[in-house]
Each structure stands twice: as C-alpha cells, then as structure tokens.
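Chains, contacts and geometry: an overview
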Amino acid sequence: MNSVVLTVCILFGATTRAISAGNEWLKNTFNCSSQSLTSIPRSLPLTTEALDMSHNEIKTLNSEDFSGVPHLKFLNLSSNVIDDISNDTFKSNQELKYLDLSWNKLRNLSCYFLNFTPNLKYLDVSFNEFVSMALSHAFRNLRHLEYMGVSGKTLQRTDFQSISHIRLRSAFLNLESLTSYETESLRRLNTERIKIVVTNRLTDVDVMSDALSISEEVLLSAMKRSEYLKQALVHVKKGKEMKAAHLSLINIEMSWNDFTVIINTICQSSIKHLYIDNLFITETIKKKEVTQSNSLESLTIKNASVQDYFFFQGDLYNFIINRMLQNLTIANTPIVHMICPPNQRPFKMLDLSNNTLSDSVFSVTITNETSCKTLKELHTLVLRGNKLQQLQKLCSTTQYMLSLKHLDVSFNSLTYKYTSEHCHWSESIVTLVLSSNNLDDSVFKCLPKNIQILDLQNNQVTAVSADALDLMALTELNLGSNRLLDIPHCDSFRRLQTLLLKENGLHTPSVGFSSSCQGLGVLDVSNNPFICTCALKEFINFTNRHSAKLLHWPLGYSCSYPQTLNGTLLKDFNIAEVSCNIFLLLTVILCPTIFIIVATAILCRLLDVPWYVRMIWRWTQAKHRVKAKQKLEAPGEVLFHAFVSYSQQDAAWVKNYLLPNLEEDPVLRICQHERHFIPGKSIVGNIIRCIEQSYRSIFVLSAHFIQSEWCHYELYFAQHQLLSQDSDNIILVLLEPVPQYLIPSKFYKLKAMMAKRTYMEWPQDRNKHKLFWANLRAALQVNLSAGVGTPDTEL
C-alpha cells in the first residue's frame, strides 16, 4: 500500500515547484497532499528533503514515521486531524527547518518533540485546540527560530517566557477566540513583526497597545470594532512608548468618523508608514479637519469601498491630498478624481493606479486649470490602469511637476492626434511608461525631450516615423507587442542601448538599423513570426557576429513559415549559400549551361549535324508537299526502271556513255533530272518524286559526286526509300577510285554502303565495257507492266 501511495506522491510531485526552507531551495521533494492518507508512507527515499502531507487524514505521529528520512528539512502537516505527537517523533530529523502543524487538533503546547529539532526556523501551530498559549521549556532549544504561529483562548504574562530570549523576525497570533488576556503578556514576545487576528472585544485595547509597544511592524487583521484601535492608539500615546513604525490594517470595517480620527491620531504618533488593505467605510463621508503629520511618511490605501456613494467628493479628496506626506498610494479604489492640493505639498511619490480617474485628474476646480503647480517635489507619479484618454492633456497636467522623473500611465486608453501645438512635458521626466494604450506612430512627435527610458509596449505602433523627435538622451526603448514589420533605425535616438521588440510582426527583419544603432548593447526580437527564407539569412548572420546581447536566444526565435519549418529554431535553420546568392546561383547554372552549349556546338560542327538537320527539314517539307498533292491526284506509279544521280562534272559521261548504252534496250526507261524535273517545283520535291517513280536508283560515284551536296540529298532520299519499301533499289557505279579517307565524315552512310554493298566499277579497259553494260542492264530488268503506264506528260 505504501509503495502505491508513494508512486502517487512522486507522480503528483513531479509537477510541483521547488520548496524553500529559509534561504535554501530544496530538491528531492514529494507532494502527497490531498491524498486521503491516514499515515506517513514508509517507503520514502532516504534522500528526501521536503515532504508535503497537508490536507490528509493523519491522526497520530510516532518515532517510526520519519526515521527513514534523516535529511528531512521541510515538513507540512497542516490541515490534518493530528491530536497526538510522540515525544521522539523527530529524533532522526535534526536537520528539520520548516514545520507546519496548523489546522489540526492538538490540545496542549508541551511539544516535547521539539527537543529533537534544534535547527527549526519556521514553526506554525496555530488554529489548533489550545486553551492556553503557554509554551513549554521545549521551545527554549529553538535558538534559530525566525517565525512562529500560535493561537489559543487565554494569554498570560508567563506564556511566552520560554522564547523571550529568541529574536523572531515574524510572529502570528490568532486571537479571534481569545477570552482572557493579561496585560503586558505580549511584552515577553521578542519579534520584529507581529500579525494579530484581533478579538473584536475589549481585550483588543490591551492586545493592540502591547503589540504597538513591542514590535517595529504591526499588522492587525479582521477588525470590525475600530473604537478599540482608537483607544489603543490614545492609550499608547499617553502612557507607553510606541515602538511600531509600520502599521498595517487588513480586512478592516469602520465608520468615516473613526477612519478620520484614526488617521489623524496616527499622524501625531511615531508611526512612519500606514498600510490599509481591504477597507470598508460605513456611514456617509463628511468634511473633516486634517491633522498634519509629525512623522508619518507614507500612507497606502488599497481595495477601499464605501457604503454610501452619495457624498461631496471634495470632502474625501481634501482629507487625503492635503497631507504633509512623502508617499501616498490610493489604489484599486473606484475614485473618479483627485484634486491638485491648493498649497505646496512635499509628495515624492503618488500612486493612483487602478482607479477610475479621467483626463481631469489634478485639475483645479476653482480656476478650471488642468496644470497642477503644487506638486513641484513629486518624483514618481503612477496613474496606471485608469481612464485617461488624451496624451495632450496629460502633458498639460504634469508640465509644472518640475522634479518628476518617473511617470507610469500604462493600461489606460491614451491616444494622440498630431497638431501644430507642441507637447509641453516636464523636462525632468527620464522614465515614461505608456504601455497598453492606443498610441500609434504619431506618439514619437509628443514625448519628453530628456527621456531616457520609454515603454510603448502593447500599442498600435507600426514604425518609427522619420520626423520623430530627436530623443538624444533615450537609452532604452520597449516596443514589444506592437505592429512593427521591421527593426527601426536609431536616427532619432543615437544613444540607444536597449531595444525591445518582442511579439511584433517581424517576418524578415533587415540589419540596416545596425549602422545607426552603434551603441546598442541589448536587443530583443523574440516571439516574432519569422519567415525562414533566404531573406532571413542576413539577420541570422547578424545575430551571430554582432556584439549586442540577444535576449531569449535561441528558444525565443523560431520559424513560423514555411509550414515545413514551423517551430524550427533560427539557430538550426540552414540554407545553402548558392540558393541565396543570385550571382553564385547564376554562375552555378550558367557555367555548365554555357559549357554544354559550346560542347554541343563543337560536336555538332564536327559531326555535320547542321547539314543533316537542313537535309531532314527539306526532305520533310518536300514529303509534306508531295503527300498533299497526292491527295488531289491519282496514286503514284513506278514509271522508270532507274533514276540516275550524278555530279554535273560527270554529266558528259552520263550523256555519252550511260544513257545511250542503257536506252539501247527499248524496254528500259531512265529518269534524268535534266529531262524529267518539273519546272517550278522545288529541287527536293523533284528528287523525291523521281526516286519514288523509279524502280532503282543509280549513283555515279566520283570525287565530284562526293563534293556535291545535292548528290548526297539524292543518296539519302534513295536510302530512305529503300528502308520504307524494304527493297534493294540502290546501284552504286564507281566511275573512278575514291579512297575512304577522301569521303567526309558527314557522309558516313556512303562509307557504310561502299563497305557493305557490292558496287560496279567503270572499267578503264574498253574490252570490258560490253560486259559492264550487260550487267548493268541485267540489274535493271524488271517487268513494270503492273504499274507502268505512259510516262507523265509533265515529265
């Protein structure tokens, strides 16, 4: 069972914050609160330093409960049902420093278990069932005790005798159930600060009197009978030395009359600082005389409210503002106005935050003047969280506060509309907090000229205008949570050292600002929607090389776009240099491209590719024209036995030898370009037509033939015809020896045909001519009757 409970404690404790015991932050902490446990888990690790067992159902404690955790320093056992603790419960825990036993059912303060806790600094046994608050001799050993909380129904002079030699920093006494108090009982309590929950009975007079006499700081809580405080103050003033310099009244209810009497009485006492929180004033507020203070330096009133809202506002404001104080705070109170004091006042600090003040604050009612001229010693003014709307009126209100250095008007509704009139601020202002208002770019035309720290966080600023005031003293500028799209330059504030721009709209911030912001030492551009492209690379490089401290780096800087990089930290964002450098990219692309083009051009030139391209183009055009014409004419027929292709330089041999000898046979029909090419048609078209209408093609090869481009067209077309008709229709006649090396490389097909096909050589011996012609005529003999008709008249 204990192991299961411990597992629950560990899992729960994993999410808790570290625990502090005195000035020491403890590790190995376990939170087992609110687990309905009835005993201490036995399986706690030996290294346990802090244990929270509050809000359980533990009833008793004994020596075995904490024997396994000798290093325990923090123990919270509050809000259980403990009614018995063995004397040796903490015999193994001499390192214990924090022990909370409040809100249990202990009935006596013998507490002998404290004999084993000599290092205890914090002890709270309040809200138990003690009748007497008599502390036993076991408390004498707590020489390091700094805080003690206790409660009971009776208090006598000897009850705190055992700790009178111990100087406490703070003590808490819950006396709301007190029935009997012996005068001067608190004088045995030696403490710097004491907090008392009062009885609201007559005993409060003596309790408060003693408290004000023994402690420098007194806090009184839950007071509903303010007359007892009045009596205590008067009692102390008359017969006893008042030691208290700080008086705090918490959760107080009193009439306006009692409130004014108490304030006036305190002003005549030795109390320097009065703090009132959660004040409820009954009865109607009326005009009261103001007693000036002999020693009171600061008055703080927070969370005050009144029962009757129908009263003359001046009665309240005059009673508060017309005091000779250094520091005055009226906060979280629904006051709608505060007048300017009619006479000079020594206020150093005024805090009127979180009220409902309007632009007319500090206006002089009689003259209706908005400037306040009686607060010339004011150093700090806080108007945070009110209903101020016009920045111009704020300027006018504060311009005569000649000592004002720090002005906080954040969380208002301030706007500024540019006019030709200058903004007349107090020249002494060095810190101006304008965060969380409705200010836009124009605000930079209406600022104190000697300002050093400017907070414009959470406004509507989109850019620092070029005609902004020259704020030569400005060292810190906070523009976080605005609408900036780029980092502003420092042209108007050359001494800027800290620039805060978190949570704006910086997608790809430029680094052009760096030249004007030479003195920048701290920069914060975290939590912006960075677009991680090449444009951002320059900024990332800047952050790596610039000497300015980049706040929240690297965890506060991540990509928002593109989606594939969403959440990627900028320090992990890498992109190839070639992708971002246009010149390098062009070099990488163009150099290989140019090389390929040049190489291809050279290769084409060597292989005569242009010649073949032209030839194919012409052949394609001719075939297209022939096919187009064949659609209109009858299908083509084989009209000739052979088409003769030769160089013009060999025309004499063809006319004098070839044609006469072949045409001796009346059956043979020979196609010759001089006789059968159709005038007006293209040469390529005539060549294709003749080849298609001839059964065979005779090529008269010679050195002249090799040099003739048209002869090679005819050879190419004839070979194409051979492939398309799957026939052997080419006859090569070698008129003279032609060495292979003389044939250009572009005529590789001719080389291939001469190497693979049988060709006829023209014999130089006349005796062999008859045999040559017989063989040639025999190669041309074929029956053309199936497709032969009368030759085309065009031919």
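Considering the overall build of the protein
For the protein, the helix and strand inventory stands at 17 helices and 35 strands. Here the protein, with 795 residues, has 49% of them falling under the buried criterion. Of the contacts formed within the protein by residues at least 6 apart in sequence, a portion of 61% connects residues at least 24 apart. Counting every atom, the protein has about 38,200 Å² of accessible surface; 52% of that belongs to carbon and sulfur.

A word on the packing of helix H4 (residues 256–267) against helix H5 (residues 313–321)
When two helices pack together, you describe them by how their axes are tilted relative to each other and by the distance separating the axes. With their axes 12 Å apart at the nearest point, H4 and H5 run at an angle of 15° to one another. Judged on the interaxial angle alone, H5 and H4 are roughly parallel. Handedness of the H4/H5 crossing: left-handed. Within the contact between the two elements, H4 uses Trp256, Phe259, Thr260, Ile263 and Asn264 and H5 uses Asp315, Leu316 and Phe319. Looking at the contact of H4 with H5, its residues break down into five nonpolar, two polar and one charged.

Description of the packing of helix H11 (residues 651–662) against helix H17 (residues 769–780)
Interhelical geometry of H11 versus H17 gives an angle of 65° and a closest axis separation of 9 Å. The chirality of how H11 crosses H17 is right-handed. Together, Trp653, Tyr657, Leu658, Asn661 and Leu662 of H11 and Trp773, Leu776, Arg777 and Leu780 of H17 make up the contact between the two elements. Partitioning the contact of H11 with H17 into residue classes produces seven nonpolar, one polar and one charged.

Topic: a nonpolar patch on the surface
On the surface, Leu586, Ile589, Leu590, Ile594, Val598, Ile602 and Leu606 cluster together into a nonpolar patch covering about 640 Å² of accessible area. Looking at the element boundaries, Ile594 is found in helix H9 (residues 582–606).

A short note on the packing of aromatic side chains
Following the criterion strictly, the structure yields 21 aromatic pairs and no others. On the basis of an interplanar angle of 5° and a centroid distance of 4.2 Å, the ring pair of Tyr98 and Tyr122 is categorised as stacked. With Tyr98 in strand E8 (residues 98–100) and Tyr122 in strand E9 (residues 122–124), the pair connects residues that are 24 residues apart, well separated along the chain. Residue classification places Tyr98 among the buried residues on the basis of a relative accessible area of 15%. An aromatic cluster is defined as three or more aromatic residues linked by ring pairs; in this entry it consists of Phe513, Phe530, Phe539, Phe542, Trp553 and Tyr557. The lysine or arginine in question, Arg323, covers the ring of Phe319, its NZ or CZ lying 4.4 Å from the ring centre.

Examining the sheet that holds strand E33 (residues 694–701)
Within the open sheet, the five strands sit side by side as E32-E31-E33-E34-E35. Their pairing is parallel. Where the open sheet ends on each side, the last strands, each with one partner, are strand E32 (670–671) and strand E35 (760–761). Of the pairings in the sheet, the one linking E33 to strand E34 (residues 730–734) comprises five bridges and is parallel in character. Looking at E34, one finds that Ser697 is bridged to Ile730. Running over the sheet, H11 touches strand E31 (640–645), E32, E33 and E34 and is turned about 145° from E33.

A word on the nonpolar core
In this structure, Leu186, Phe362 and Leu434 are the most contacted members of the largest nonpolar core, which totals 165 residues. The element contributing the most residues to this core is H4, with six residues.

Side note on the side chain of Thr282
Considering the arrangement of structural elements, one finds Thr282 in strand E17 (residues 273–282). Beyond its immediate chain neighbours, meaning those up to four positions away, Thr282 contacts Glu253, Met254, Ser255, Trp256 and Gln307.

Here we look at the environment of Ala463
Tracing the chain through its elements places Ala463 in the loop between strand E24 (453–455) and strand E25 (476–478). The class of Ala463 is partly exposed, set by a relative accessible area of 34%. Each C-alpha atom of the pair Ala463 and Pro488 lies 6.8 Å from the other, and the pair is 25 residues apart in sequence. Non-local contacts of Ala463, meaning those with residues more than four positions away in its chain, are made with Asp441, Phe444 and Leu484.

A short note on the pattern of salt bridges
Throughout the structure, instances matching the rule amount to 13 salt bridges. Here Glu227 and Arg225 are joined by a salt bridge, their closest N and O atoms 2.5 Å apart. Exposure remark for Glu227: the relative accessible area of 22% places this residue in the partly exposed category. Residue classification places Arg225 among the partly exposed residues on the basis of a relative accessible area of 36%. Lys449 is the partner of Glu427 in a salt bridge, and the nearest nitrogen-oxygen pair spans 3.8 Å. Of this pair, Glu427 sits in the loop between strand E22 (406–408) and strand E23 (431–433) while Lys449 sits in the loop between E23 and E24, and the two are 22 residues apart along the sequence. On the accessibility criterion, Glu427 (54% relative accessible area) is exposed.

Observations concerning helix H7 (residues 534–545)
One turn of the α-helix equals 3.6 residues, which is why residues spaced by three or four share an orientation. For H7, which comprises 12 residues, the first-to-last C-alpha distance of 18 Å matches the rise-based estimate of 16 Å (1.5 Å per residue) to within 8%. Listed in full, the buried residues belonging to H7 are Leu536, Lys537, Phe539, Ile540, Phe542 and Thr543.

Considerations on the environment of Leu378
Examined against the element boundaries, Leu378 turns out to sit in the loop between strand E20 (349–351) and strand E21 (380–382). A sequence separation of 33 residues divides Leu378 from Arg345, and the C-alpha atoms of the two residues are 8.7 Å apart. Setting aside anything within four residues of it in sequence, one finds Leu378 in contact with Phe347, Lys348, Met349, Leu350, Met401, Ser403 and Leu404.

Comments concerning the state of the cysteines
Evaluation of the coordinates by the stated rule reveals four disulfides. Linked covalently through their sulfurs, Cys423 and Cys446 form a disulfide whose S-S length is 1.9 Å. The chirality of the disulfide connecting Cys423 with Cys446 is left-handed, given an S-S dihedral of about -115°. Pair noted here: Cys423 is in the loop between E22 and E23 and Cys446 is in the loop between E23 and E24, with a separation of 23 residues, a long-range link. Each member of the pair, Cys423 together with Cys446, is buried.

Things to note about the confidence of the model for the protein
Predicted confidence across the protein gives a mean pLDDT of 84, with 85% of residues reaching 70 or more. Confidence drops under pLDDT 50 across residues 629–635; counting only partners more than four residues distant or on other chains, this segment forms four contacts. Confidence drops under a pLDDT of 50 for residues 786–795, and excluding neighbours within four residues, the segment shows 22 contacts in the predicted structure.

Conventions used here
- Residues numbered from 1 in each chain as written.
- Predicted model: local features only at pLDDT ≥ 70, side-chain atom pairs only at ≥ 80, totals over all residues.
- Heavy atoms only, no water.
- Helix = DSSP H or I, 4+ residues; strand = E, 2+ residues; numbered from the N terminus.
- Buried < 20%, exposed > 50% of the residue type's maximum accessible area, 1.4 Å probe, protein only.
- Contact = heavy atoms within 4.5 Å.
- Areas by Shrake-Rupley, 256 points an atom, 1.4 Å probe, with all protein chains shown as cover.
- Axes fitted to C-alpha atoms, helices over the stretch in contact; angles between N-to-C directions.
- Parallel < 35°, antiparallel > 145°, perpendicular 65-115°, else oblique.
- Left-handed = near helix turned anticlockwise from the far one by under 90°.
- Nonpolar A, V, L, I, M, F, W, Y, C, P; charged D, E, K, R; others polar.
- Patch = residues over 30% accessible without salt bridge, like charges linked within 9 Å, V, L, I, M, F, W, Y side chains within 5 Å.
- Salt bridge = Lys/Arg side-chain N within 4 Å of Asp/Glu carboxyl O.
- Phe/Tyr/Trp six-rings, centres within 6.5 Å; stacked < 30°, edge-to-face > 60°.
- Lys NZ or Arg CZ within 6 Å of the ring centre and 35° of its normal.
- Pairing = 2+ DSSP bridges.
- Core = buried A, V, L, I, M, F, W, Y, C linked by side-chain atoms within 4.5 Å.
- Expected span 1.5 Å × (residues − 1).
- Disulfide = S-S within 2.5 Å.
- pLDDT = per-residue confidence, 0-100.

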